[in-house]
Structure formats: C-alpha cells, structure tokens
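# A look at the structure
Next come the chains, spelled out residue by residue.
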Amino acid sequence: MSSTSMRTLVWFRGKDLRISDHGPLCEAACHGEVIGLFVLDPYFFAPERARELPHRMQFLLESIAALQSNLEQLGSGLVLARGKSIEVVPRLARRWRVDKVLAQRWTEPFARKRDAIVAERLHVPFELHEGETLAVPEEVRTGEGKSYSVFTPFARAHRAVVRVGSPLRAPKTLPPLPDDIRADKATLPSLESLGIAHNPRLLAGGERAARERLRRFLASAAERYDAERDRLDLASTSRLSADLKFGTLSIRTVWTAARRALERTNPKAWRSFSNELLWREFTHAVLWNNPNLLKHPRRAEFETFPWEPNEPGWRAWCEGKTGYPIVDASARQLLGEGFVHNRARMISASFLVKDLLIDYRRGEAHYMKYLTDGDWAQNNAGWQWSAGCGFDAQPYFRVFNPIDQGRKFDPTGGYVRRWIPEIARLPDKHLHAPWEAPAAVLRAAGITLGETYPNPIVNHASARNRFLAIAQGRMSAR
DNA sequence: TCCCAGTTAGC
DNA sequence: CTAACTGGG
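The sections below set out a description of the structure shown in this document. (Residues numbered from 1 in each chain as written. Chains lettered and ligands numbered in written order. Predicted model: local features only at pLDDT ≥ 70, side-chain atom pairs only at ≥ 80, totals over all residues. Heavy atoms only, no water.)

## Side note on the nonpolar core
Trp317, Trp383, Tyr415, Ile423 and Leu426 are the most contacted members of the largest nonpolar core, which has 55 residues in total. The set of elements that each furnish at least two residues to this core consists of α13 (311-319), α14 (325-337), α15 (342-355), α16 (360-370), α17 (376-387), α18 (402-409), α19 (414-419) and α22 (460-477). When residues in this core are grouped by element, the largest group, seven residues, is from α15. Ignoring sequence-local partners within four residues, the contact set of Leu426 consists of Arg417, Leu431, Pro434, Ala437, Val441, Leu442, Ala445 and Ile447. (Core = buried A, V, L, I, M, F, W, Y, C linked by side-chain atoms within 4.5 Å. Buried < 20%, exposed > 50% of the residue type's maximum accessible area, 1.4 Å probe, protein only. Helix = DSSP H or I, 4+ residues; strand = E, 2+ residues; numbered from the N terminus. Contact = heavy atoms within 4.5 Å.)

Okay, here's the thing in structure tokens:
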C-alpha cells in the first residue's frame, strides 16, 4: 500500500486541543492527507447551553482558535462544522471520502456512548488513540485482576506497571487541506455571540499559553512546591488543571517534563506532584469502571441521606455570604476566576455537605458550571471524597473546621483579603472568625456584622455535631 | 490531604 | 497557660 494514498479525518474534540503529542495527528500525517475537524455540537454551543458554562467556553474557544492557527502554520487547517457529532462526523467522512477516522479516547460514559454510535454509523474504521491518561483502561489491576478502589495501592501499582514514553513531536508540516473541503468551513462563534462576557481573570487558553504555564511552574517548583503547595495565599501550585482538562498539554508532556525538572533536584516535590497526577489517573480509572458514579454515590447510604433543601444556605454558599471567610473566599474565587485551590475546594465542599446538609450533587453541578478545569471524573471524585461516599473517600466523620483551616493554610490572610475586601482591614488574628473580634476591632476595621459582612449562617460546632449524629445513625444502621 | 476532648509535661 | 501526644469518631 502506498503510504500517501490515505486520507485521514482527525476528529479533535474538547480534550485534545493541541498539535504536540497528539497520536491521531501524527499517525495521519505519516500516511498522507490529513483533515482536522472540530464539531460545534449544539449540546455545548447552543447559546442557552453555552451560557451554562461561561468559563469553560471562553477557554475552549481560545484553545480552538489556537489549534486552528497552529494547524494553519503547519500548512493545513482546522475545519469547523456545526451540528450533532453523531450525525456530522459520519456524513462528512462519507462526503470527503476519507479512509479512516482517528480521535482520542474519552473516559466519560456519555462520550463512550457517542463514540459507539459514531463507530456504528461510519462506513470506515474509527480508531481511538490513548492519550487522555497515562494508563490504558484496565492496565492497572490488582493481583486478582480487579480494579482498585483505594488510591494508595492504585498509585503503587501504576508506578510499577505504567511505562510513560516520550511525548510525540508535532508534525513539521502537513499537506494543505483539499479545496473542496476548505469551502465547507464554518466559523468559530465569538464569546459575545453566545451571550457570554469575556472574563479577563481567566487563564488564557491555547497550547502556547499552556506551555508557558508549565515552564514557569517547573522553574520554581523545586524550590517551593513541597513546602507551599497547601497554601491558599501563595501561588505555588501548577495551575495546569484546565490544560489537562482540554488537552492543551498532554498528561505525558506534563509527567515527563516534571520528572525531568524535579526528580533529582527535589524528590519530595516530584513525589507529591506526581501523586496529584496519579490522583487524576485514579479518578479516570474509577469512572471508567463505574460509569454510574456521575449520577449516584458509591455508598448506597448516601442515596437516601436526609439532605435539606436549605435554599437560603444554598444561595449564601453560592454567593460567598456564609459568614465564614475562607468558605466565602473560595465561592467568590470560583465565580470570579473559574479556579479554586484544591484545599479551598475541600473546605468549601465539606461546609456545603456537612454544615449545611445539602446534597453534594448540587455542589458538584455548581462547580461544573463555573470551573474552567471542570472535569467530570475529577470533580465527581472530589465531591464524593468530600462527602465521604466515594472511592477512597475520607471517613464520614471528618468535618473540616473552616476557622482552623483558614488560619493554617491562609496564615497571612492574603487569600481572604483578596476575595473578601469588606473585611480586609481586620487584623490576622480575627480575619478567619470576624464574629469573635471585639466590637472596637470591628469598628476600627469598618465592619458592621450583619450589614457589611454576614454573621455566620450556622454555628460550626453545632452543625458538625448535627451532621455526625445523623451520619452515625445511618452508618451503623447498615 | 481531619477534628476534638482528654491527658501529660513543661513553664 | 501552651504544646505535644493520644484515642476515637
């Protein structure tokens, strides 16, 4: 077979928006004509849907535009098409007479269903490449061949079994898009046309910005990561979560670059950073093996837990007006910049579920709406972990104390002061519990509790006891 | 990737 | 009085 006789459709989706270390693109480039396609599916791009995910849409549009221009620089381009993926891809594959369709495998159940339908409707082979995770599904198994349900043994087995190869280089050049196909191109909608206001506080999308973030993180990580990664008031984490979600960096690129930069110079930093990446591997493996998790808690007792509607509590939590500064700062950071430090996510989740007794799935959905890095496997695992109902979850009786967590992980108060300016003038001592400050201190800081900043909507100590009493009754009843 | 109450040691 | 440690949820 002549290697230049093939015409391959490379179907880019929302999790592989790059030209480096892109298996389908490299394979297609080796065998002849390449047609890069992105489908503007109304499931995401209908304005009423898009408005439900403003931050991810901004990052996505920037990343698609960057991919388009990167492919053009290689001599090709990215074809955009409107319509439902399951209809558009088979139709275009036929009209363009492609020999095969390549894409990157997804973990989520709805995506697996979509890909199965596309495979059935295509008249040519549909091949899914690995790349979303380091491990292939089913690769990390126990001695008995079962999937792991606890992180630590999973991570140990992963480190022992999974071989991480070198990332693939982007093709040097690509053949030009055929003329008849060029004519089919739709244009990328603007954020404004979808009814979303541009948010300058979000990280920039696209592969180049992602590489720059990786470079800057690794330049300082050996010095700072190990000691400072839990600090909310310092910027010492990688901030690569959105890049891993949208694939503007491949996980393999991040893993190999971090290993090279950290393993020798600071083995503890490498250990803890790679563990974070392995958590991501774990959440994806768990979701692959348990597609029901997106709808149901793993532990059945939580399905019938007496959650409360608590509408005032829900609104206060969403808006950052609970009266607990660390909880409110994280809520406002989520709305303001589409990102929250992982520790702040845990504090905030613990508060919603355990102090307010609100179903973790409402919090999960709220995070999916506003997180730029909103990833189904990661976000679901995080919420089920916090609620105490998932795989390798914390025990149900762990309740975060928002005051102690604030003092410990935001000791300078920089995080709270940035997001809660109305209490910024409080001294450090009272910043995380304003209601305990003497009247004179409050007055001097220009604060009237209940007016300029809320009183706490619940008493944490009694809320904690209430949760523990309910949970204990249910857990022992089993 | 926790919290709390109880205890002990040290000042 | 505080820090350090413990056991149990």
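## Details of the protein's contact with DNA strand B
Taken together, Glu276, Trp279, Asn342, Arg343, Met346, Arg398, Val399, Phe400, Asn401, Asp404, Gln405 and Arg464 make up the full set of residues adjacent to DNA strand B. If you look at DNA strand B and keep only atoms within 4 Å of the protein, 62% of those are sugar or phosphate atoms. In this structure, a phosphate oxygen belonging to DNA strand B sits 3.2 Å away from a side-chain N or O atom of Gln405. Only α12 (267-289), α15 and α18 provide two or more residues apiece to the surface near DNA strand B. In terms of residue count, α15 provides more of the surface near DNA strand B than any other element does, three residues in total. Across the surface near DNA strand B, the residue classes tally to four nonpolar, three polar and five charged. (Near = heavy atom within 4 Å. Polar contact = N/O pair within 3.5 Å; in protein donor to acceptor, adjacent residues only side chain to side chain. Nonpolar A, V, L, I, M, F, W, Y, C, P; charged D, E, K, R; others polar.)

## With respect to the pairing of strand β1 (residues 6-12)
Each regular strand displays side chains that alternate between the two surfaces of the sheet. A large share of β1 lies buried, amounting to seven of its seven residues. Burial of the side chains of β1 extends over both faces: Met6, Thr8, Val10 and Phe12 are buried on one face and Arg7, Leu9 and Trp11 on the other. As for the winding sense of the linkage, the β-α-β connection from β1 through helix α1 (residues 23-30) to strand β2 (residues 32-40) is right-handed. Of the strand pairs in this sheet, β1 and strand β4 (residues 100-104) are connected by three bridges, and their pairing is parallel. Paired with Thr8 across the bridge in β4 is Lys100. (Right-handed = clockwise from strand over helix to strand, strands pointing away. Pairing = 2+ DSSP bridges.)

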